[in-house]
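Listed below are the residues making up each chain.
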Amino acid sequence: MYGRFGEKICGVWTSDDDLAKELSDFSKVTGERSWRMPLEEEYNDQLKSLIADITNCGTRYGGAITAALFLQNFVDRKPFAHIDIAGPVWDDKLGATGFGAKMVTEWISMQGKLDSA
């Protein structure tokens with residue numbers, strides 16, 4: 001997704017509406033803007049392999065979607081999100097920005113509070 005959203009917005013892929021809303025809410029709170037993108041199951045065909053159980057890269061098209069679909073094979077049916085920070089994580093003048101760290105940290109902190117409640 002590098003360049004697709006520019007330097008200020010990351011893409012979020014998840015099939016879980018609750019998780020999408022939580023991440024969107026923390027995105028707004030932290031100022032690390034995000035945009036939910038479609039997790040198209042039909043792109044799973046790009047991950048088929050003649051040799052392995054699954055390949056880790058699809059065709060030239062839909063790479064961020066296939067990256068998210070690849071991850072879903074390893075989360076044991078738990079809600080998950082693929083957050084693509086390739087664009088906003090780097091500033092040509094300043095270097096690494098740390099983009100996404102605040103949003104994810106706040107979301108993780110909320111999970112700890114929910115677990116202890």
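Before any of the text, the structure's been laid out above.
Only a predicted model underlies this, so the values are computations on that prediction, with no experimental measurement involved.

So what exactly am I meant to see when it comes to unusual backbone geometry here?
Trans peptide bonds make up most of the peptide bonds, and negative phi angles are found at most residues other than glycine. At Asp-76, a position not held by glycine, the phi torsion is positive, near 50°. Mapped onto the secondary structure, Asp-76 falls in the loop between α2 (63-71) and β3 (82-84). With phi around 65°, Arg-77 is a residue other than glycine that occupies positive phi space. For Arg-77, a relative accessible area of 84% corresponds to the exposed category.

Mind showing me how you'd approach the sheet that holds β3 here?
Strands belonging to one sheet form pairs held by backbone hydrogen bonds; the direction of such a pair is parallel or antiparallel. Taken in spatial order, the three strands make up an open sheet running β2-β1-β3, and their pairing is mixed. Of all the strands in the sheet, just β2 (33-37) and β3 have a single pairing partner and so form its edges. Put simply, the sheet's adjacent strands are angled 30° from each other on average, direction ignored. Where strand β1 (residues 9-13) and β3 come together, three bridges link them in antiparallel fashion. Bridging from a neighbouring strand, Gly-11 pairs with Asp-84 of β3. Where helix α1 (residues 17-30) meets the sheet, it contacts β1, β2 and β3, and its direction lies at approximately 160° from that of β2.

For this particular structure, what's the right way to read the pattern of salt bridges?
Opposite charge on two side chains permits pairing when their charged atoms draw close. Under the counting rule described, the total for this entry stands at three salt bridges. When the shortest N-O distance is used, the salt bridge between Lys-48 and Asp-45 registers 3.3 Å. On the basis of relative accessibility, which here comes to 51%, the residue Asp-45 falls in the exposed class.

What is the right way to read the environment of Asn-56 from this model?
When you line up the elements, Asn-56 lands in the loop between β2 and α2. For Asn-56 and Leu-69, which are 13 residues apart along the polypeptide, the C-alpha to C-alpha distance reads 9.5 Å.

Which parts of the structure should I look at to understand the packing of α1 against helix α3 (residues 101-116)?
The relative placement of two packed helices comes down to the angle between their axes together with the axis-to-axis distance. Packing of α1 against α3 brings their axes to within 9 Å, and their N-to-C directions diverge by 125°. Considering their axes alone, α1 and α3 lie oblique with respect to each other. Read as a crossing pair, α1 and α3 show a hand that is right-handed. On α3, the residues touching Leu-19, Glu-22, Leu-23, Phe-26, Ser-27 and Thr-30 of α1 are Lys-102, Met-103, Glu-106, Trp-107, Met-110 and Gln-111. Here the contact of α1 with α3 is composed, by residue class, of six nonpolar, three polar and three charged.

What counts, and where the lines are drawn
Residues numbered from 1 in each chain as written. Predicted model: local features only at pLDDT ≥ 70, side-chain atom pairs only at ≥ 80, totals over all residues. Heavy atoms only, no water. Helix = DSSP H or I, 4+ residues; strand = E, 2+ residues; numbered from the N terminus. Buried < 20%, exposed > 50% of the residue type's maximum accessible area, 1.4 Å probe, protein only. Pairing = 2+ DSSP bridges. Axes fitted to C-alpha atoms, helices over the stretch in contact; angles between N-to-C directions. Contact = heavy atoms within 4.5 Å. Salt bridge = Lys/Arg side-chain N within 4 Å of Asp/Glu carboxyl O. Parallel < 35°, antiparallel > 145°, perpendicular 65-115°, else oblique. Left-handed = near helix turned anticlockwise from the far one by under 90°. Nonpolar A, V, L, I, M, F, W, Y, C, P; charged D, E, K, R; others polar.

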